[in-house]
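For reference, the chains in residue letters:
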Amino acid sequence: MHTQNVKTAAPESSERWGESKGDLLLQYVRAQSRLKQGYALSQSEPTRDGDHQITLRKQGELVWRGWTFERDFLADFRRYIGEATEGQE
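Computed from a prediction, not measured in an experiment: that's the story for all the values here.

Criteria and thresholds
- Residues numbered from 1 in each chain as written.
- Predicted model: local features only at pLDDT ≥ 70, side-chain atom pairs only at ≥ 80, totals over all residues.
- Heavy atoms only, no water.
- Pairing = 2+ DSSP bridges.
- Helix = DSSP H or I, 4+ residues; strand = E, 2+ residues; numbered from the N terminus.
- Buried < 20%, exposed > 50% of the residue type's maximum accessible area, 1.4 Å probe, protein only.
- Core = buried A, V, L, I, M, F, W, Y, C linked by side-chain atoms within 4.5 Å.
- Contact = heavy atoms within 4.5 Å.

A.B. asks: I would appreciate a short explanation of the pairing of strand β3 (residues 61-67) in the present structure.
C.D. replies: Consecutive side chains along a regular strand alternate between the two faces of the sheet. Inspection of the sheet shows strand β2 (residues 53-58) paired to β3 by 6 bridges, in the antiparallel sense. Bridged to Ile54 within β3 is Gly66. If you look at the hairpin formed by β2 and β3, you'll find 2 residues sitting between the two strands, and Gln59 has a positive phi there, around 55 degrees.

Shown next as C-alpha cells:
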C-alpha cells in the first residue's frame, strides 16, 4: 500500500507564525481606514476552518490576493498594505 504525505493548513495556521487571527483582523481594520485614494481592501467569508481570502485592488484592478493560511501571507499582507496605506503599518 502506498501512502502519501500531504501537508494541509491547520485552522490555527496563523498562530504558528506568532500572530492570532484577532491580530490579523485588527491589522485589516486599521489598514481599511488608512487606504490611499483608489485602493479597496476586501475580505471573503470565512471557510469552515476560519480562513479568509484578502484582496487588494487599485482603481478596480487586482493588486494582490492571499489566503490567511498561506505560508507567507502575513509578510505579503504587510508589504502590500504598506504600499496602499497612508503612513506606516
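A.B. asks: Sorry, what's going on with unusual backbone geometry here?
C.D. replies: Peptide bonds are trans in most cases, and residues, glycine excluded, mostly fall at negative phi. The phi dihedral of Gln59 falls on the positive side, at around 55 degrees, and the residue is not glycine. Turning to its location among the elements, Gln59 is positioned in the loop between β2 and β3. Here Gln59 falls in the exposed class, since its relative accessible area comes to 60%.

A.B. asks: Looking at this structure, I do not really get the nonpolar core. What am I missing?
C.D. replies: Taken as a class, soluble globular proteins show a tendency for nonpolar side chains to be buried jointly. Grouped together as the largest cluster of nonpolar side chains are 15 residues, with contacts concentrated most on Leu35, Leu41, Ile54, Leu56, Trp64, Phe73 and Phe77. Listed by contribution, the elements that provide at least two residues to this core are α1 (21-33), β1 (39-43), β2 and α2 (73-84). Considering every element that reaches this core, the biggest residue donor is α2, with 6 residues. Discounting chain neighbours no more than four positions away, the residues touching Leu56 are Leu35, Tyr39, Ala40, Leu41, Glu61, Leu62, Val63, Trp64, Tyr80 and Ala84.

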